[in-house]
Amino acid sequence: MISRMVLATLALLVPAAAIGEIPAPMAWNAKTLWDAWPTTRVSPPDPWALKHAGLRVALDQLNTRHPGLFSIVEEGLSSEGRKIPLLRVGSGPTDILLWSQMHGDEPSATLALMDVLNWLGTNQRDPVVQQLLSKLTLWIVPMLNPDGAERTQRWNAQEIDINRDALRLSTPEGRFLKAIRDRVKPVIGYNLHNQTPNLQAGKGGSQVAMALLSVPGDEAFSETPGTRQTKRLAVKVQQLVNTLVAGRVSRYDTDYTARAFGDSMTRWGTATLLIESGGWAGAEEAERLVRLNFVALLGSLSAIADGSIEQVKVQDYALIPMNHRDALTTLLVRNARLAGGRGLPPFTADLSFIVPGPFVGDALHYKEPAVVEVGDLSYAKGLTEVDATGMLAVPWPTAVPPEDWSSLKASLAARGLAEVNEAKLVATVHTLGESAVAKPGYTGAVLLYRTSGTGPLTLEGAVLRGKVVGIPVIHVSTEATGTPP
Ligand SMILES: [Zn+2]
């Protein structure tokens, strides 16, 4: 027997359901989805290891495990003849098109889509899943650029950026996506990418885990019913992510780009939400980004299906902080005295380093760990930092393959450089010429010597391949390594 008070409370919680009617299904919250992912995921641990063949095997397995959940309604052909499946899931009146990995080296969302399919299949008796599949029809193109994925590169096999081919349509992948759009005329599009991990959510903010854009359909960023809906979706995704870890969502910074697909989709009448996976420094970073995509996709799609998206305030979109570029780096060595090479006398400098990830993205194109900048970097932030106050830093090119710290220390000791006076050290570095100059692009080691009064310098640590050895690092912000509850 349910008391009147409980009924009244229920009525408050579920305003859409009148007492006596079957209550509307309760949407999943972000935490439920986050917690469900480890037992739901079918995606492999390394997103960049998933290629076209692996994707096809995974889709076959999902189809066998959940017969009837989805159908492959059509297959496009990549430039090199790989078949690109178009999946249809659900039978609802609202058509939504999701495509991932049009940049071949941006796989996070492809894996999340596989996990989403397994979730929908596993929970087909869940009223929320039933509602989603009866209200929506999802048209999914996972890995639009399989030739690029094969090479872990942004471009397709013609070396064209498919996301700049929406007007000319020189790429078969772009023509396939355009043909789907023209035939289905989806009301909403999800354009799924990865951005460089070294961005902050607003000036001085946390590392961006996910950037969002209500993609404009014209130069003026005119607001239409469609862009209002994608703004609501962006806010919804921000709310979902903030439940797990606050301050890691930004707005993607871009101009209107007529030849880009997202912009063209919006202009053609399919209002498009751009989701860019970013970075989330710490253990299992790549998997946590897939997991975050899983939450963002299921949470926002179910909000469309149950109508709750209409309650989200469009104006909150403007409150999402912008992507902030050029101030976040992998490692920052602060306040060193730097004997930068060329026999110049030491000067005070900060040094920033980047350790590139497995994809190029649209920002810095470093292939291996390198110095990015030398000078006053007090405005910048490192995912890890070293306070080198009282230390002399000197560049020291390392052997290829690079030595480890103990063998490097031993070889320096053998040369009389473990304890050494400053003039001798600077002169020794000078003999190495231009290979020992700390400058943007420098990939060798940087040795860190402790100075004490007029005594000799003592070798204490080094930066080797963008990693600090021998001395403690500071993980600058708790949010840089923070994990959700
Ligand atoms: Zn991209």
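Just so it is clear, the structure is predicted and the values come from calculations on it, not from any experiment.

*Asks:* I'd love a proper account of the coordination of the zinc ion, names of residues and values included.
*Replies:* With distances of 2.0 to 2.7 Å, the protein atoms coordinating the zinc ion are His103 (ND1), Glu106 (OE), Glu106 (OE) and His193 (ND1). Seen from the zinc ion, its four donor atoms lie at angles of 54 to 151°, and the figure they make is irregular. One chain supplies every donor for the zinc ion, spaced along it as H-x2-E-x86-H. Of the two residues, Glu106 sits in the loop between β3 (94–100) and α4 (108–122) while His193 sits in strand β5 (residues 188–194), which places them 87 residues apart along the sequence. Accessibility expressed as a relative area gives 2% for His193, which makes it buried.

*Asks:* How would you summarise the packing of aromatic side chains if you had to cite specific residues and measurements?
*Replies:* Summed over the entire model, instances satisfying the criterion amount to four aromatic pairs. Between Trp28 and Trp119, the aromatic rings sit 5.6 Å apart at their centres with planes inclined by 85°, giving edge-to-face as the arrangement. You can see Trp28 sitting in the loop between α1 (4–13) and α2 (30–40) and its partner Trp119 sitting in helix α4, a full 91 residues away along the chain. Taken as a pair, Trp28 and Trp119 share a single burial class, namely buried. For Trp119, a relative accessible area of 7% puts it in the buried group. Taken together, the aromatic side chains of Trp28, Trp119 and Phe294 make up a single cluster linked through ring pairs.

*Asks:* Residue-level account of the side chain of Ser300, with values.
*Replies:* If you trace the backbone, Ser300 turns up in helix α10 (residues 285–305). Ser300 sits in the buried class, given a relative accessible area of 0%. Only 2.8 Å separates the side chain of Ser300 from the side chain of Tyr190, close enough to count as a polar contact. Ignoring any residue separated from it by four or fewer positions in sequence, one finds Ser300 in contact with Tyr190, Leu233, Lys236, Val237, Leu240 and Val295.

So, how was this worked out
- The numbers attached to residues start from 1 for each chain and follow its sequence in the written order.
- A pLDDT threshold of at least 70 governs which residues receive local features in this predicted model, and a stricter bar of 80 or more applies before side-chain atom pairs are shown or counted, although totals over entire chains, interfaces and linings include all residues.
- Water and hydrogen atoms play no part in the side-chain values, which are based on all heavy atoms of the structure.
- Note: metal donors comprise N, O and S atoms at 2.8 Å or less from the metal (3.2 Å for Na, K and Ca); water molecules are not included, so apparent gaps in a site are possible.
- Every geometry call rests on angle ranges, with four donors termed tetrahedral when all angles are between 85 and 135 degrees, four termed square planar and six termed octahedral when opposite donors are over 155 degrees apart and all others are between 65 and 115, and everything else termed irregular.
- Helix and strand definitions follow DSSP, with helices as H or I runs of at least four residues and strands as E runs of at least two, each counted in order from the N terminus.
- Categorising residues by exposure relies on relative accessible area from a 1.4 Å probe, with only protein chains included: less than 20% of the type maximum marks a residue as buried, more than 50% marks it as exposed, and the intermediate range marks it as partly exposed.
- Only centres within 6.5 Å qualify two rings of Phe, Tyr or Trp (six-membered ring in Trp) as a pair; their planes then separate them into stacked at under 30 degrees, edge-to-face at over 60, and tilted for everything else.
- Identification of polar contacts relies on pairs of N or O atoms within 3.5 Å, with a donor-acceptor requirement for protein atoms, meaning one able to donate a hydrogen and the other able to accept it, and with residues adjacent in sequence counted only if both atoms are side-chain atoms.
- Should any heavy atoms of two residues lie within 4.5 Å, those residues are counted as being in contact.

Purely geometric stuff here, so don't read any function into it on its own.
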